[in-house]
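Coordinates in review
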Amino acid sequence: MARYELKEMMRGAIVLTLASFIAKVLSAVYRVPLQNLVGDEGFYVYQQVYPFYGIAMTLALTGLPQFISKYVAEKNDEDETETLGQLTTFVSALSLVLWGILFSFSYPIAYLMGDVALQGSIQVVSFTFLLIPPLTMYRGHLQGQLILVPTALSQVVEQFLRVGVILLAAAGFHWLSLTIYQVGEIAMAGSFIGGMVAVVILFYAHQRHSQTRLPFWKKSFWQFPKSGIRRRFLVEGGLVSLYSGYLLILQLIDSFFLVNALHFGGGTIAFSRIEKGIFDRGQPLVQLGLVVALALSTSFLPTLTNYAKNQKSATYLFASQLYLRLTVALGLAASVGLALVMPYINYTLFKDDSGNQVLSVFVFSIVLMAVVQGYQSIAQSRNHFRTAYQGAFAGFGVKVLLTPLLVYFMGTLGASYATLAALACTLIWFVKNETKAINQFWTQRHFGWRLLASIGVMTVAIRLFYRLFTFFYGTVIDRQLALYLTLIGVGIGMASFLTALVYFKVFSIREWFYLPFGKKILKKMRKKK
């Protein structure tokens, strides 16, 4: 029986990871046709309000269900209903407060963003917060019982429906002459529709598979949460949500400051909004770049927690250092690679080359966010919550202080630098508070220098290819050609980087064997020699 349960758990975990990957890719990719259909100003309208939706879904699908599943798993059957009742009361109160603030203060919020016409979109997206209780409780309770397939299905269906409504709204901009603000409101309504369908799927799955019901309709089910539950909920569930939504919070800060600072610096309202839309082109690129890097936390965090609990210090140190090495290598390669192909990928996806410099700087948030997530996972595995909270809020403070100042003097390039500064501040805080042994991952076996040499090889290979192409064929004036050059550049970058990793022995043979497909990569590279 235990073997069957383990097999089912692994099957469910794989499905959940795959669903999360599909949802993240969908969430990044749809922005390209959206921008192509409604233009940079229409894209600006959507991106101004999107962080509110993103934060709601981060709470409902990531941070809070993860805490609830863990908390429920710790309780016996007698305490389970009481615990669920207390958690439901607390989550419902939180979501009602967030909805009430966002809906009631939609006009002041839109005014502070520099565009009162955003009020309608803010009001529509506020209703997404009302979906947090059922999504959180059903998802968390099912995950706590290792019933993972329905939660995966609900996440994918929600994304597909949301993206479908968004693209229909964007098409209506052309076919039905909708305004960009009407498109924004319909797009946000799509988020609510997708969330409602996800709730229906989870409700049906919970009724069918769960041994314990969630009787929301019974007055006795609703109980005031005890202080211990409230504290753990805010500390543990809040921390996961905070770092899952870290970039969303930085985006929200940009929503309040960027357009206002550009206008205050002398730009017209229309110019400032279009510049914000161009700046937001970087969001899907960063999101895609982080898909692989942040997926590592899903697999490494349980392993690190297990090693820490069982006091396997040597194994824990090795796993932590390997996690950070792999995160830095993938994140840095993604950042540098995207910066090098930016002129071509920007033209391919968004029809022109506006904002190349701004976007080339912004994509370095991939490596910083990936390493921050790595350090946060290591700290969380040892229950070091205070350091993680302090680091996050220090970063947000830096972003709030620097964004208006840098944007005033440097335009949207300043917003990119402010984002990097915020992430760097959080990372420095983690490094400062981490053990010396773990921080030595960069210096051991000259890892840092070897990695930089590999990045150098990749940089030379990509730049040489583009220089030769420009010398013989001139500049790119066609999107299809730009697409081919992007794909070729990515292929050259990946091949040269992998070759350099093996040649410079960035990872030890033991480390290669621990990496996904590491053994096969090592064999192929050695055969070529």
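Residues numbered from 1 in each chain as written. Predicted model: local features only at pLDDT ≥ 70, side-chain atom pairs only at ≥ 80, totals over all residues. Heavy atoms only, no water.

Here's the deal with the packing of aromatic side chains
- In total, this model carries 26 aromatic pairs according to the counting rule given.
- With a centroid separation of 5.8 Å and 35 degrees between ring planes, the pair formed by Tyr-46 and Tyr-50 is classed as tilted. One end of the pair, Tyr-46, and the other, Tyr-50, are both in helix α2 (residues 31-74), four residues apart, so they sit about a helical turn from each other. Summarising the burial analysis for this pair, Tyr-46 and Tyr-50 share the class buried. (Phe/Tyr/Trp six-rings, centres within 6.5 Å; stacked < 30°, edge-to-face > 60°. Helix = DSSP H or I, 4+ residues; strand = E, 2+ residues; numbered from the N terminus. Buried < 20%, exposed > 50% of the residue type's maximum accessible area, 1.4 Å probe, protein only.)

Section: the pattern of salt bridges
- Considering all chains together, one arrives at five salt bridges under this definition.
- Residue Asp-40 pairs with Arg-281 through a salt bridge whose shortest N-O separation is 3.1 Å. Note that Asp-40 is positioned in helix α2 and Arg-281 in the loop between α11 (269-279) and α12 (282-309), a separation of 241 residues in sequence.
- Notably, a salt bridge pairs Lys-276 with Asp-280, separated by 2.7 Å at the nearest N-O pair.
- Among the charged side chains, a network of salt bridges with common partners joins Asp-40, Arg-281 and Asp-352. (Salt bridge = Lys/Arg side-chain N within 4 Å of Asp/Glu carboxyl O.)

Considering a nonpolar patch on the surface
- Judged by side-chain polarity, Phe-264, Leu-405, Tyr-408, Phe-409, Met-410 and Tyr-417 come together as a nonpolar surface patch covering roughly 690 Å² of accessible area.
- With four residues, helix α16 (residues 385-410) is the single largest residue contributor to the nonpolar patch.
- Looking at the element boundaries, Tyr-417 is found in helix α17 (residues 412-433). (Patch = residues over 30% accessible without salt bridge, like charges linked within 9 Å, V, L, I, M, F, W, Y side chains within 5 Å. Areas by Shrake-Rupley, 256 points an atom, 1.4 Å probe, with all protein chains shown as cover.)

Let's talk about the packing of helix α10 (residues 246-264) against α11
- Where α10 contacts α11, the axes come no closer than 8 Å and their chain directions differ by 135 degrees. As far as their axial angle goes, α11 and α10 are oblique. Taken as a pair, α10 and α11 cross one another with a handedness that is right-handed. Only Ile-269, Ser-272, Arg-273, Glu-275, Lys-276 and Phe-279 of α11 make contact with α10, whose side of the interface consists of Asp-254, Ser-255, Leu-258, Val-259, Leu-262 and His-263. (Axes fitted to C-alpha atoms, helices over the stretch in contact; angles between N-to-C directions. Parallel < 35°, antiparallel > 145°, perpendicular 65-115°, else oblique. Left-handed = near helix turned anticlockwise from the far one by under 90°. Contact = heavy atoms within 4.5 Å.)

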